[in-house]
Amino acid sequence: MDSITRLIHHGYRAPADFDAPAVGVHKASTVFFPSVAALRSRDWKDKSAYTYGLHGTPTTFTLEERIATLEGGTHCVLAPSGLAAIALVDMALLRAGDELLIPHNAYGPNKSFASVELAGWGVRARYYDPMDPADLAARISDKTRLVWLEAAGSVTLEFPDLPALTALVRAANPGRARPIVSVLDNTWGAGVAFRGFDLGADVVLQALTKYPSGGADVLMGSVVTRDPALHRELLLTHMRLGLGVGANDAELVLRGLPSIALRYAAQDAAARELAGWMQSQAGVQRVLHPALPGSPGHETWQRDASGAASLFTVVFDDGLAPERVVAFCDALRLFRLGYSWAGPVSLCVPYERAEMCGRDWPHAHGPVRFAVGLEAVEDLRADLAQALRVLNA
Ligand SMILES: *Cc1c(COP(=O)(O)O)cnc(C)c1O
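Scoring rules and cut-offs
Residues numbered from 1 in each chain as written. Predicted model: local features only at pLDDT ≥ 70, side-chain atom pairs only at ≥ 80, totals over all residues. Heavy atoms only, no water. Helix = DSSP H or I, 4+ residues; strand = E, 2+ residues; numbered from the N terminus. Rg over C-alpha atoms; globule rule 2.2 N^0.38 Å. Buried < 20%, exposed > 50% of the residue type's maximum accessible area, 1.4 Å probe, protein only. Contact = heavy atoms within 4.5 Å. Areas by Shrake-Rupley, 256 points an atom, 1.4 Å probe, with all protein chains shown as cover. Axes fitted to C-alpha atoms, helices over the stretch in contact; angles between N-to-C directions. Parallel < 35°, antiparallel > 145°, perpendicular 65-115°, else oblique. Left-handed = near helix turned anticlockwise from the far one by under 90°. Phe/Tyr/Trp six-rings, centres within 6.5 Å; stacked < 30°, edge-to-face > 60°. Disulfide = S-S within 2.5 Å. Pairing = 2+ DSSP bridges. Near = heavy atom within 4 Å. Polar contact = N/O pair within 3.5 Å; in protein donor to acceptor, adjacent residues only side chain to side chain. Nonpolar A, V, L, I, M, F, W, Y, C, P; charged D, E, K, R; others polar.

Caption draft 1: Representation of the overall build of the protein in the model. Regarding its fold elements, the protein presents 13 helices and 12 strands. Taken over C-alpha atoms, the radius of gyration comes to 23 Å for the protein, in line with the 21 Å a tight globule of 393 residues would show. The proportion of buried residues among the 393 residues of the protein is 52%. For the protein, long-range pairs separated by at least 24 residues make up 70% of all intrachain contacts whose partners lie at least 6 apart in sequence. Carbon and sulfur atoms make up 56% of the accessible area of the protein, which totals about 17800 Å².

Caption draft 2: How the structure looks around the packing of helix 12 (residues 322–331) against helix 13 (residues 377–391). Closest axis-to-axis distance for the helix 12/helix 13 pair is 8 Å, and the angle between their directions is 150 degrees. On the basis of their axis angle, the class for helix 12 and helix 13 is roughly antiparallel. As helix 12 runs across helix 13, the sense of the crossing is right-handed. Contacts between helix 12 and helix 13 involve R324, V325, A327, F328 and A331 on the former and, on the latter, D383, L384, Q386, A387, L388, V390 and L391.

Caption draft 3: Expanded view of the packing of aromatic side chains. Applying the stated criterion across every chain, the model contains 10 aromatic pairs. On the basis of an interplanar angle of 20 degrees and a centroid distance of 5.5 Å, the ring pair of Y50 and F61 is categorised as stacked. Here the residue Y50 occupies a position in the loop between helix 2 (36–41) and helix 3 (58–71), and F61 occupies one in helix 3, the gap between them amounting to 11 residues. Geometrically, the ring pair formed by F159 and F194 is edge-to-face, given 5.8 Å between the ring centres and 85 degrees between the ring planes. A residue pair is termed long-range when its members are at least 10 positions apart, and F159 in the loop between strand 4 (144–150) and helix 7 (162–171) and F194 in the loop between strand 5 (181–185) and strand 6 (203–207) qualify at 35 residues. F159 sits in the buried class, given a relative accessible area of 0%. For F194, a relative accessible area of 6% translates into the label buried. Pairwise contacts between aromatic rings join F312, F316, F328, F335 and F370 into one cluster.

Caption draft 4: Representation of the state of the cysteines in the model. Applying the stated criterion across every chain, the model contains 0 disulfides. Free cysteine C348: the closest other cysteine sulfur is in C329, separated by 3.9 Å. By relative accessible area, C348 is classed as buried at 1%.

Caption draft 5: Structural view of the sheet that holds strand 11 (residues 347–350). An order of 8-9-12-11-10 is seen for the 5 strands of this open sheet, with the pairing classed as mixed. Taken across any chain shown, the strands that pair with only one partner, and hence form the sheet edges, are strand 8 (284–288) and strand 10 (336–337). Judged from the 4 bridges that link them, strand 8 and strand 9 (residues 311–316) form a sheet pairing that is antiparallel. Residue L288 lies in a different strand from strand 9, and its bridge partner there is T313. Seen against the sheet, helix 10 (residues 260–279) touches strand 8, strand 9 and strand 12 (368–371) and runs at an angle of roughly 10 degrees to strand 9.

Caption draft 6: Structural view of the site of the ligand. The environment of the ligand is formed by 13 residues, the closest being G82, L83, D185, T209 and K210. Within the side chain of D185, a nitrogen or oxygen atom sits 2.6 Å from a nitrogen atom of the ligand. T209 places a side-chain nitrogen or oxygen 2.6 Å from an oxygen atom of the ligand. Burial of the ligand by the surrounding chains reaches 89%, relative to a free accessible area of 380 Å². Sorting elements by how many residues they give to the shell around the ligand places helix 4 (residues 82–93) first, with 3 residues. Along the lines of polarity and charge, the residues of the shell around the ligand split into 6 nonpolar, 4 polar and 3 charged.

Caption draft 7: Region of interest: the sheet that holds strand 1 (residues 75–79). Taken together, the 7 strands give an open sheet; going across it, the order is 1-7-6-5-4-2-3, and neighbouring strands pair in mixed fashion. The open sheet has two edge strands with one neighbour each: strand 1 and strand 3 (124–128). Across the sheet, the mean angle separating the axes of adjacent strands is 20 degrees when strand polarity is ignored. Strand contacts of helix 4: strand 1, strand 2 (99–103), strand 4, strand 5, strand 6 and strand 7 (221–225), with the helix running at about 160 degrees to strand 4, the strand carrying the most contacts.

In structure tokens:
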């Protein structure tokens, strides 16, 4: 046999007893079967065997198990981004004629997917005020099939009463042919600040892009359930859509997970310190962060959460010219302009007033959201202080 053939059909088999802290990076599209009988009998949905890379490898199965543990659930599917995980849930659970309910302060691309893609398939999105359970109750109809939840709300960081909202969904279910499913986007809580299932959610989703990875270098999403039937619906759609994640990306998230609680706590403490300090600075009208008294949902956050993501949002004085706010953001040096959060580098995003449509936004300027990274707090405070001098110049 030619050496190139022997190189490809090589006899070496790694011994089975290699044991080390890191999970192996198993890459595969093709997975071998030892016989026709094995090829015909293996079920891709059964995690005791492997069939094809898209349906899982030891690396992705390990990550799924660990994310399910983090969220307090039993089953997990992985998607190539947080947004892909959101779209997967919608596509798995909704059919033409259905309605879904989304909080008006939800992650923007979740709303866009619903109002454009889902609308085109005959699914109607309706928006509710997450801070008013009676508003959700009034909008649940015979056609409602899915209710999205987010705590805290994207950008404006209101903390809703999740137990009250999920109880309303459960109470509406008896007698329905297809029960309403409540889905929590738990990217903010990260499975660290609270457990979505304990607060009543049926499905808990996360952008692993944020805290679980922690590196600002990978995109991934997860969808966790405690209900095997619901998991099966999600898994079948996941397979039909061909959603897969790369082994190297899974490895990055596996590497981030052991330090998630430490990073969450450290970034939380730094963000609270800076949010409190910003409140008393000239030019600042208001700082939004659930741990600050007066921030919407502060009491509910105190009751239901043991920590907060490292985000705070600043509303600048109405009297400032819009160019001053832009100059402030451009003057920041350690806080970089960029989307996402939970990575090592602190970030700032100035949203425009027009982007707040669909929300009650009574302020002259759009909100400016800060995501605190892992730099020393004193350096970050000094950066904000020099930019505030530019704001007020
Ligand atoms: C970032 C984010 C997502 C989407 O995650 P990607 O991996 O960037 O697609 C979804 N929901 C929330 C709340 C997020 O912050």
